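Coordinate inspection notes
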Amino acid sequence: MTQTEFLNLVMPFKDKLYRLAKRMLVSSEEAEDATQEVLMKLWSKKKGMVRYRNVEAFAMTMTKNFCLDRLKSKQSGNLKLVHSNYTDETKSLQRQIETNDSLNWVEKIMDTLPEQQKLVLQLRDIEAYSFEEISEMLDMQPTTIRVTLSRARKTVREKLIQKHSYGLK
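Only a predicted model underlies this, so the values are computations on that prediction, with no experimental measurement involved.

With a phi angle near 60 degrees, Ala 128 is a residue other than glycine that sits in the positive phi range. Inspection of the secondary structure assignment puts Ala 128 in the loop between helix H6 (115–126) and helix H7 (131–138).

Now for a negative patch on the surface. Among the surface-exposed residues, Glu 29, Glu 32, Asp 33 and Glu 37 lie close enough to one another that they form a single negatively charged patch. Tracing the sequence through the fold places Asp 33 in helix H3 (residues 28–44).

The computed volume of the largest pocket comes to approximately 160 Å³. The wall of the largest pocket is formed by 11 residues, among which Val 106, Met 110, Leu 121, Asp 125 and Ile 126 lie closest to the centre. For the lining of the largest pocket, the secondary-structure elements that each account for two or more residues are helix H5 (93–112), H6 and helix H8 (142–164). It is H5 that provides the largest number of residues to the lining of the largest pocket, a total of 4 residues. Of the residues contributing to the lining of the largest pocket, the split by class is 6 nonpolar, 1 polar and 4 charged.

One finds Leu 17, Leu 42, Met 60, Leu 121, Leu 123, Met 137 and Leu 138 to be the most contacted residues of the largest nonpolar core, which totals 41 residues. Contributions of two or more residues to this core are made by helix H1 (3–10), helix H2 (14–25), H3, helix H4 (55–72), H5, H6, H7 and H8. The greatest single-element share of this core, amounting to 9 residues, is contributed by H4. With residues near it in sequence (within four places) discarded, Leu 17 still touches Thr 35, Val 38, Leu 39, Ala 59, Met 60 and Thr 63.

Rules of the game
- Residues numbered from 1 in each chain as written.
- Predicted model: local features only at pLDDT ≥ 70, side-chain atom pairs only at ≥ 80, totals over all residues.
- Heavy atoms only, no water.
- Helix = DSSP H or I, 4+ residues; strand = E, 2+ residues; numbered from the N terminus.
- Patch = residues over 30% accessible without salt bridge, like charges linked within 9 Å, V, L, I, M, F, W, Y side chains within 5 Å.
- Areas by Shrake-Rupley, 256 points an atom, 1.4 Å probe, with all protein chains shown as cover.
- Salt bridge = Lys/Arg side-chain N within 4 Å of Asp/Glu carboxyl O.
- Lys, Arg positive; Asp, Glu negative; His and termini not counted.
- Charge placed at Lys NZ, Arg CZ, Asp CG, Glu CD.
- 1 Å grid on protein atoms, 1.4 Å probe; cavity = no way out; pocket = protein on both sides within 12 Å on 5 of 7 lines; lining within 4 Å.
- Points joined across faces, edges and corners; volume = space filled by probe spheres on them.
- Nonpolar A, V, L, I, M, F, W, Y, C, P; charged D, E, K, R; others polar.
- Core = buried A, V, L, I, M, F, W, Y, C linked by side-chain atoms within 4.5 Å.
- Buried < 20%, exposed > 50% of the residue type's maximum accessible area, 1.4 Å probe, protein only.
- Contact = heavy atoms within 4.5 Å.

Set out below in structure tokens:
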């Protein structure tokens, strides 16, 4: 595989790798390092890459595993799971503040979810992967993914409603 072929194969999903790493590691620098590390590992495996049916799913799995390893390492004492990619410039200032506040609450609520629910919610609702792709990445049954996603969404929804209605009753 030539460098050009490799770039044509990997570049379309490079940003997804970064977003997943950022979701898991919080720090932009850590996410960039993780993405770079995964890309380097992919480059070193370029000769055997043709045997993978879905290189993107393989790369996402590598990213997930690398990030989990980083989170478990001694160096990760200050790392946690957060997501803050959403901004909408066309809304009023009041609406922007409310949206940012809601997103901050969703991030905090997602921090309380079990790891599996966080990953499924990230991959399905933020990265927009299909259930089959998530199943391949996480080595889970599609039915289990649907149940996990439903539980994660329900928890986020209930806790967000609870936060928004605080003091109103």
